[in-house]
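Summary of structural features
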Amino acid sequence: MSSENVACHCCDLIVEVSTLKPGCKAHCPRCGHLLSSQTANAYNKATAFAASALLFLLLSLPFPFMAFQSQGREQQVSLIQSGYDLLILGFPLLALLLSVFILIVPSLLLCAYLLILIPLRKNTAYPWSYTLARLIFTLHPWAMAEVFLIGVLVSLVKISGMADLVIGMSFWAYVLFALCLIATITCIDRLQLWHSLDKASSIQRTPPKHNYGGAMQQQLQSCHCCGLIHHLDAHNCQRCSSSLHPRIPASLQKTWAFLITGALLYIPANIYPIMHTRLLGADEPSTILGGVVLLWQHGSYPIALIVFIASILIPIVKMLALFWLALSVQAGHQNRVSERIWMYRMTELIGRWSMIDVFVVAVLVALVQLGGLASILPGIAVTAFAGVVILTMLSAINFDPRLIWDNLDKDELHIIKSGQEPLNDLLDEIN
Ligand SMILES: [Zn+2]
Ligand SMILES: [Zn+2]
C-alpha cells in the first residue's frame, strides 16, 4: 500500500500511514492505538485459513460433539442438535445465543472473507466486496468460537465427577475451526483491506486537505468503518457507504443506558440460580459464585479461577471502567488520559470472555438429559447474565474514546500540530 492518511479511531489525530514491511505495525503517535499491521502474503494465508476453517466447521456439525455416559445410559450431542435440544426444552434464548455466536456469525464471517479474498488475490474487487468488508468489521466482536471452546472445557471439568465423558470427532473439528478462524482474522488488516479493494477497483481516493492535528478541529471526519477522511458536511462514506458522524451520535447517552441496564441485570444474575442439577430427583440449584466455590472445593483450581475471572471479575471491572470513562468525559476531566485510553481498550478486549458461563450452561443443559437419573436445567440467572454481557459489550461499542481527547483544551491540542516532541511534553503534562 502507498501512504494513506487516516484519523486515529481512538484520538482523532490524522496520521499518515505509509507502506509497511511484512511483520511491521503502525501505531498512533498520540495514543498508541494500532493503526495498521502488515502480514507477509496476507491474502493467500487468510484465504487458506478461511477455507480450512469453513471446512472444519462443516465437519464439526454432523458428528457427535460429546457423549455423556452414566449407569449404562448415554446421551450424545452434536452442535446442531444442542441448539435444537435447548429449543425443545423450552430455552429459546439460550438456543439463539448459542447458534448465533458460535455458528451463524463465524460462518457468515468466513463466507464474507472468502468472497472478498478469492477475487482480491487476482487483484479484482466487485461493488459488493465493499458491502461484505463492512459486514465483516461489524460482525467481528460477535464471533465467539474461542470463548465457546473455553466454555466447553469448563463444562467437561464440571461434570467429570458425575459420569464418563467421551469427546467426539466434532469437538476436534471445532477446535481446528476456531484456530483457523483466529488465524484468518489475525492475517487481515482493516486499513490494508480497504486500500486493496480501492486498488483492485482502480479507484484513487483524494481526501480533503488537512494538517497534522485532530480531524474534527479541521472540520473533517473519518468513516468509523473504513477510516476514509471526509468533510464534516458529508453524510455517507464515499468508499463503504456507512453513515458519517464526527463522533458516535448520542455516545454518552447510549453508553449510560446500556451500562445502567447491564448493572441492574447483574443483581438477579448473581442472586438467582444460573443452573439446576437434578440427581436422582434431588434438585441442587447453584449460583455463579456457588459454582466457583464448588469447583474450588473439588480441587479444580485453574477452572475455578477461569470462571471467577470471566463471570465475576471481568463484568465488575468492565462496568466500573465504563462508569469511570463515561463519568470522566461527562465531567470534562482532562487528566489521566493514557490510563483512560488503556482502560477503554481493555473493556473492548475482555468483554466477550464473560460469555463463558452462558456457554457452560448451554453445553451442560444440552448434554446432561438422562431423565430422572441426572439432568441439568438452566436457571433464571443465565438469561440475566447473558443480558449483562451483551449490554456491557454494546455499552463499550457505543462509547466514543475520542470524547476523552475532546476535553483537552484547544490550546493544548494546538501544540500537537507542531510535531512529535511537543506532543510528548503534552502527554507528560496531562498525565
Ligand atoms: Zn490515536
Ligand atoms: Zn467508510
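Up top is the structure these notes are about.
Every chain is numbered on its own, with residues counted from 1 as its sequence reads. The lettering of chains begins at A and the numbering of ligands begins at 1, in the order of writing. In keeping with the model being predicted, local features are shown solely for residues with a pLDDT of at least 70 and side-chain atom pairs are shown and tallied solely at 80 or more, while totals for entire chains, interfaces and linings include all residues. Calculation of side-chain values draws on the structure's entire complement of heavy atoms; hydrogens and water are dropped beforehand.

Things to note about a nonpolar patch on the surface
Together, Ile260, Leu264, Ile267, Ile271, Tyr272 and Ile380 give the surface a local cluster of nonpolar side chains, amounting to about 630 Å² of exposed area. For the purposes of this entry, the term helix denotes a DSSP run of H or I that reaches at least four residues, the term strand denotes a run of E that reaches at least two, and both are numbered from the N terminus. At 4 residues, helix H8 (residues 251-271) tops the list of elements feeding residues into the nonpolar patch. Here Leu264 shows up in helix H8. Put simply, a patch holds well-exposed residues, over 30% relative accessible area, that have no salt bridge, with like charges counted together within 9 Å and Val, Leu, Ile, Met, Phe, Trp or Tyr side chains within 5 Å. Using a 1.4 Å probe, the Shrake-Rupley method yields the accessible areas, and only the shown protein chains count as cover for residues. Any Lys or Arg side-chain nitrogen located within 4 Å of an Asp or Glu carboxyl oxygen qualifies as a salt bridge.

Description of the pattern of salt bridges
Scanning all chains against the criterion turns up 7 salt bridges. For the salt bridge of Arg247 with Asp406, the shortest nitrogen-to-oxygen distance reads 2.7 Å. Of the two residues, Arg247 sits in the loop between strand S9 (229-231) and H8 while Asp406 sits in helix H14 (residues 402-406), which places them 159 residues apart along the sequence. A salt bridge links Asp400 to Arg402; the nearest nitrogen and oxygen atoms lie 2.8 Å apart. Residue burial is assigned from relative accessible area. The probe radius is 1.4 Å, only protein chains are included, and a residue is buried under 20% of its type maximum, exposed over 50%, and partly exposed in between. With a relative accessible area of 1%, Asp400 lands in the buried category. A relative accessible area of 7% means that Arg402 is categorised as buried. Each of Asp12, Arg247 and Asp406 takes part in salt bridges that share partners, so that together they form one network.

Some words on the coordination of the zinc ion (ligand 2)
In the first shell of the zinc ion (ligand 2), the protein supplies Cys223 (SG), Cys226 (SG), Cys237 (SG) and Cys240 (SG), at 2.2 to 2.3 Å from the metal. The coordination sphere of the zinc ion (ligand 2) comprises 4 donor atoms, whose angles at the metal cover 99 to 120 degrees; the geometry is tetrahedral. Read from N- to C-terminus, the donor residues coordinating the zinc ion (ligand 2) fall into the pattern C-x2-C-x10-C-x2-C. Take Cys237: its relative accessible area is 5%, and that puts it in the buried class. By relative accessible area, which is 4% here, Cys240 ends up buried. Donor selection uses N, O and S atoms within 2.8 Å of the metal (3.2 Å for Na, K and Ca). Since no water is included, sites may look incomplete. Any site counts as irregular unless it has four donors with all angles between 85 and 135 degrees, making it tetrahedral, or four or six donors with opposite ones more than 155 degrees apart and the rest between 65 and 115, making it square planar or octahedral.

Quick notes on the coordination of the zinc ion (ligand 1)
Octahedral metals with six donors have ideal donor angles of 90 or 180 degrees. Tetrahedral metals with four donors have an ideal donor angle of 109.5 degrees. Within the protein, Cys8 (SG), Cys11 (SG), Cys28 (SG) and Cys31 (SG) serve as the donor atoms for the zinc ion (ligand 1), at 2.2 to 2.3 Å. Classification of the site at the zinc ion (ligand 1) rests on its 4 donor atoms, whose angles at the metal span 101 to 117 degrees, yielding the label tetrahedral. Counting residues between consecutive donors of the zinc ion (ligand 1) along the chain gives the motif C-x2-C-x16-C-x2-C. Exposure class is identical for Cys28 and Cys31. Each is buried.

Concerning the packing of helix H3 (residues 92-120) against helix H7 (residues 190-200)
Across the interface, H3 lies against H7 with an axial gap of 11 Å and an inter-helix angle of 50 degrees. With respect to each other, H3 and H7 are oriented oblique. Here H3 runs over H7; the crossing is left-handed. Along its contact with H3, which presents Ile116, Leu117 and Leu120, the element H7 presents Leu193, Ser196, Leu197 and Ala200. Any residue that is not Ala, Val, Leu, Ile, Met, Phe, Trp, Tyr, Cys, Pro, Asp, Glu, Lys or Arg is counted as polar, Gly included; the first ten are nonpolar and the last four charged. Residue composition of the contact of H3 with H7, grouped by class: 6 nonpolar, 1 polar and no charged. In this analysis, axes come from line fits to C-alpha atoms, helices being fitted only over the stretch in contact, and the angle between any two N-to-C directions falls in the range 0 to 180 degrees. An angle below 35 degrees is read as roughly parallel, one above 145 as roughly antiparallel, one from 65 to 115 as roughly perpendicular, and any other as oblique. Should the near helix be turned anticlockwise from the far one by less than a right angle, the crossing is left-handed, and should it be turned clockwise, the crossing is right-handed. For this analysis, residues touch if any pair of their heavy atoms sits within 4.5 Å.

Here's the deal with the sheet that holds strand S7 (residues 164-167)
Here, any two strands with at least 2 DSSP bridges between them count as paired. The strand order across the open sheet formed by 3 strands is S6-S5-S7, and the pairing between neighbours is antiparallel. Each having just a single partner strand, strand S6 (73-77) and S7 make up the two edges of the open sheet. Within the sheet, the average angular offset between the axes of one strand and its neighbour, ignoring direction, is 15 degrees. Two elements, strand S5 (residues 66-70) and S7, share 4 bridges in a ladder whose sense is antiparallel. Bridged to Ala67 within S7 is Val166.

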